[in-house]
Amino acid sequence: MMTKAFDSIGFYWQPLGGNNIDQISGHCYCYTDVVKCGRQSEKTSIIVDVGKFDNHQALGIKNSAAAVPDIRNLLESDKDRAQAVFITHSHPDHLNGIPHYLKAGYVFPPLYAGKYTFMILYDLLKEYQIPRSRWPKFNVINDGDVINIGSLEIEVLASSHTCFDSFGLIIKSKPATVYHSGDMKVDQSTCFRRPTNLKRLKERAGEIDYVVGDFYGIYSDGMAVKEVDTYRKLVSLIKKMQKPKVFIPVYPTHPEMYLIAFMAALKLKKNVIFYGNPDFFTYLKMIIEYGISFEKLAGKRIKISYAHNREDVAEMDNNYAVIGTFNDIPDVFEASHKDSFGIITASTYFNPLKGRLNSYNIRFVSVNDYPELQGYGHGFLGDWEYVNNLLSGRAVFIPTHCPVFMIDDFRQLAKCCGLKLISQTPQNNQIYKLSKKDAQLVSSFPAKWLVVLYNGDDMAYFSEVFQKPTSGTGFLKRTISRKRCQRRFKIYMAQRYRKQHEQN
Ligand SMILES: [Zn+2]
């Protein structure tokens, strides 16, 4: 079935996860290039990302541990086997499918990813107790690297996102060239890591025919929050409140927020106590191993503590910021409304902490008051207009990381913004043939997921489940509804028409 779509010479794109009816996780994409080689044809396939599907319980299999995109044929069949797997970054919805496949006995082709992504993956493989002999071959990639796999040429581009070593890829074949953005925003103010390589994108603008783009954030207008804005907001709030103790909870999987909060404390000469749950400390350790030294950054200006015993806290001269993932305020901090203040950097995750602060009568502000307090990794509509301009408006955009309804509703607004969209809205498990002329749908099988089960014998078992329109409703209720999205798009369109009118 699968193989048939690739019988003719051409370049193919297939979303296997990440373009869902109503769920946006489990990212996985396959690029296949079939070229003529004498009388025969030669096929090159690469996989980009192997994520896990967050809402696996909604697929209705009892005792499920996870769900992953179906790449079995790309790993096992000789004819269809992929030659390489690229991982754009370390977030679970792009990476965490790998250990389950290894647990199920599959063998991976060589893996290409950034140093930090591999650090996170090593940790996962150890957690799943996968013997080293079964680990895939690892190749560390960096901004600017060019890798040739079969008939494909892949250039690695730095991307601004909420973790270290996030990359986009320019994938070049004879029929077409694709910029696969991965999760990204345009922001050039990233803390301790390279921002999106706009310079290189501009240089290659004339070649890029398609942008497989992370449209997660397009329901917000303007440019995505810049890291420097988050930093400035933190500094100004700490200054304004004039309290000796500041509590700054951060999301465990967003290490850039650890650094931004630390830099804000440093700027105002506040000592830092890192305090949080085991996840927080795992990521903190990883940041340090990656090469960030908080002591070096601090110099002799502030003191840093990784523990919060009475003695440690006493050392801090009653002047400190508590940074970490926590939902309580231990007695040792002796926090009171007189000397303490909270800055909540995520919308719902820290609700128990808000309750705790309220019970102590301690004032706090949150992302509800100042949206820029939450680090944001995905480009808004303005970011994509920016990229479109950079590419001289000639590339066709293929939205990913986005529910299908959002792309359908976006079409009119896209036209109004001068963004060319692929004519059909891609859904998981479809196959498109990409040429300079057009993107043609050549195969359309229903999307499915593999639900992962562990029966206690140390092996993963897969159970095939077709994706239902309701598979991710819970997730979307927490993020964005169709109605709200439509309403926003209407407003943005009206604003743009007004502007165009004024200019004429
Ligand atoms: Zn991400």
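Here the structure is a predicted model, which means the values were calculated and not measured.

1. Considerations on the overall build of the protein
Of the regular secondary structure elements, the protein holds 15 helices and 24 strands. Taken over the C-alpha trace, the protein has a radius of gyration of 24 Å; the compact-globule value for 504 residues is 23 Å, and the two agree within 12%. On the principal axes, the C-alpha backbone points of the protein span a range of 80 × 70 × 40 Å. Split into buried and exposed, the 504 residues of the protein put 49% on the buried side. The long-range fraction of contacts in the protein, counting pairs at least 24 apart against all pairs at least 6 apart in sequence, stands at 73%.

2. Things to note about helix 8 (residues 278-290)
The terminal C-alpha atoms of helix 8 lie 18 Å apart, and with 13 residues this matches the ideal 18 Å at 1.5 Å per residue to within 8%. What helix 8 keeps buried is the set Phe280, Tyr283, Leu284 and Ile287. Summarising the axial view, the buried residues of helix 8 lie within an arc of 105 degrees, below the 170-degree limit, and thus occupy one face. For helix 8, exposure combined with an orientation more than 90 degrees from the buried face picks out Pro278 and Glu289.

3. Observations regarding the packing of helix 4 (residues 115-127) against helix 8
Where helix 4 contacts helix 8, the two axes come as close as 11 Å, and the packing angle between them is 135 degrees. On the basis of their axis angle, the class for helix 4 and helix 8 is oblique. Judged by the twist between their axes, the crossing of helix 4 over helix 8 is right-handed. Of the residues in helix 8, those touching helix 4 at Tyr116, Met119 and Ile120 are Met286, Glu289 and Tyr290. Taken together, the residues that form the contact of helix 4 with helix 8 break down as 5 nonpolar, no polar and 1 charged.

4. A look at the domain arrangement of the protein
Here the protein is described as being made up of domain 1 (3-223 + 376-498) and domain 2 (227-373). Domain 1 and domain 2 are separated by 34 Å when their C-alpha centres are compared. On the domain 2 side, the residues contacting the 12 residues of domain 1 number 13 residues. Residues of the side of domain 1 that touches domain 2, tallied by class, amount to 7 nonpolar, 4 polar and 1 charged.

5. A word on the environment of glutamine 242
Note that glutamine 242 resides in the loop between helix 6 (227-241) and strand 13 (245-249). In this structure, the C-alpha to C-alpha distance between glutamine 242 and serine 435, residues 193 residues apart in sequence, is 60 Å.

Procedures and definitions
Residues numbered from 1 in each chain as written. Predicted model: local features only at pLDDT ≥ 70, side-chain atom pairs only at ≥ 80, totals over all residues. Helix = DSSP H or I, 4+ residues; strand = E, 2+ residues; numbered from the N terminus. Rg over C-alpha atoms; globule rule 2.2 N^0.38 Å. Buried ≥ 20, exposed ≤ 12 C-beta atoms within 10 Å, placed from the backbone. Contact = placed C-beta atoms within 7 Å. Expected span 1.5 Å × (residues − 1). Arc of directions from axis to C-beta. Axes fitted to C-alpha atoms, helices over the stretch in contact; angles between N-to-C directions. Parallel < 35°, antiparallel > 145°, perpendicular 65-115°, else oblique. Left-handed = near helix turned anticlockwise from the far one by under 90°. Nonpolar A, V, L, I, M, F, W, Y, C, P; charged D, E, K, R; others polar. Domains from an automatic or database assignment.

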